[in-house]
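# Fold and contact review
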Amino acid sequence: MRIKKFVVLSLSLCLAIFNSNFSHANDPDFTITVPSMKYLMVFHGCSAQCENPKNHKVFLAQSNDGSSFSMVPGWKPYPGSVPTVFRRGNAIYIYNAWTNLRKIDTTSGVVHDVGKSSLNIPIVGAEQGGFVDPSIAQLEDGRFVLFYLPGQASGDPAGCGTQSTCIREIKYAEEVLGSAGKTFSPTGTAISMNLTSPHTFSDPDIFYNGTKWVLLVSEGPSVEAFLSETLVGCIVTGK
């Protein structure tokens, strides 16, 4: 694992999103002032009817101390919910479910709407509902690993819906070589949880603490931390 001086954070303001029906049309490119501070945070916000993900928009902020953040100059919020951000080389990648991948050129400040297939940032062979709640980490060979909650065509993917009990899983997928962050192939299941309604299991966030990989998952009002010696493979060694 390579520790980067440039740290990125993601903030999720809801447990899961569903039936979003976001527009898939590509947005025009725009230019921002290239982020120069140590920390980046991507988050979604809304001005009205926030319970509806269609009203959420994605924002980008930066900070030198990880505590006090300011908006990145020139940023134009776009429709999206539960985003995650990662910097690799001369690009910053912003992923969120159902809407297009945005890529920021850190030399010019251009924010480019990369587009998507019918499965968003297409996960080869993924569940019909695609994915929600993405979180990105990086393999030693430079490729991304995407941790996600499998989506559902209808209903809240974090809970059991009309069932009294169910199993919810956090899965991961590896970036297809040469796809520039746009295509992932499912690799395995990180965590499987037996739920009893109305409990939920969602919002994975993966990071390296210097010795082990830590996967945070929201379980209703609580947050569980799962540990692993490796990024892919058998994730859970304790919590």
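Residues numbered from 1 in each chain as written. Predicted model: local features only at pLDDT ≥ 70, side-chain atom pairs only at ≥ 80, totals over all residues. Heavy atoms only, no water.

Backbone hydrogen bonds are what pair the strands of a sheet, in a parallel or an antiparallel way. As summarised here, the arrangement of the three strands in space is β15-β16-β17, forming an open sheet in which the pairing is antiparallel. If you trace the sheet from one side to the other, it starts and ends with β15 (202–208) and β17 (222–228), each paired once. Sheet twist, expressed as the mean angle between neighbouring strand axes with direction ignored, is 20°. The pairing of strand β16 (residues 213–219) with β17 spans seven bridges and is antiparallel. Bridge pairing in β17 places Val-214 opposite Leu-227. (Pairing = 2+ DSSP bridges. Helix = DSSP H or I, 4+ residues; strand = E, 2+ residues; numbered from the N terminus. Axes fitted to C-alpha atoms, helices over the stretch in contact; angles between N-to-C directions.)

In this section: the sheet that holds strand β9 (residues 101–105). The strand order across the open sheet built from five strands is β2-β10-β9-β8-β7, with neighbouring strands paired in antiparallel fashion. The sheet is open, and its two borders are formed by β2 (30–31) and β7 (84–88), each paired with just one other strand. Relative to strand β10 (residues 110–115), β2 runs antiparallel, the two being bridged by two bridges. Considered in β10, the bridge of Thr-31 is made with Val-110.

Our focus in this paragraph is the confidence of the model for the protein. Chain-level statistics for the protein give a pLDDT mean of 82 and a share of 80% at 70 or above. When mean pLDDT is compared element by element in the protein, strand β5 (residues 70–71) scores highest at 97, while strand β1 (residues 7–11) scores lowest at 48. Across residues 1–7 the pLDDT falls below 50, and counting only partners more than four positions away or on other chains, this stretch makes 21 contacts in the model. Between residues 10–20, whose pLDDT stays under 50, and residues either more than four places distant or in other chains, the model counts 46 contacts. (pLDDT = per-residue confidence, 0-100. Contact = heavy atoms within 4.5 Å.)

Okay, the state of the cysteines next. Disulfide: a covalent bond connecting the sulfur atoms of a pair of cysteines. Tallied over the full model, the rule gives two disulfides. Each disulfide pairs two cysteine sulfurs, and for Cys-46 the partner residue is Cys-50, the sulfurs being separated by 1.9 Å. Taking the sign of the S-S torsion, 125° for the link of Cys-46 and Cys-50, the bridge is right-handed. Given a relative accessible area of 37%, Cys-50 falls into the partly exposed group. In this model, Cys-160 is linked to Cys-166 through a disulfide, with the two sulfur atoms separated by 2.1 Å. (Disulfide = S-S within 2.5 Å. Buried < 20%, exposed > 50% of the residue type's maximum accessible area, 1.4 Å probe, protein only.)

Below, the discussion takes up the pairing of strand β4 (residues 57–63). Within β4, five of the seven residues are buried, which leaves the element mostly enclosed by the surrounding structure. Alignment of β4 against strand β6 (residues 78–79), held across two bridges, turns out to be antiparallel. Looking at β6, one finds that Val-58 is bridged to Tyr-78. The pairing of β4 with β5 spans two bridges and is antiparallel. Its bridge partner lying in β5, Ala-61 is registered against Met-71. Hairpin geometry of β4 and β5 is characterised by an intervening segment of six residues between the two adjacent antiparallel strands and by a positive phi of about 75° at Gly-66.

Counted under the stated rule, the structure contains seven salt bridges. Among the salt bridges present, the one from Asp-113 reaches Arg-102, with a minimum N-O distance of 3.5 Å. You can see Asp-113 sitting in strand β10 and its partner Arg-102 sitting in strand β9, a full eleven residues away along the chain. Arg-102 carries the same exposure label as Asp-113, and that label is buried. (Salt bridge = Lys/Arg side-chain N within 4 Å of Asp/Glu carboxyl O.)

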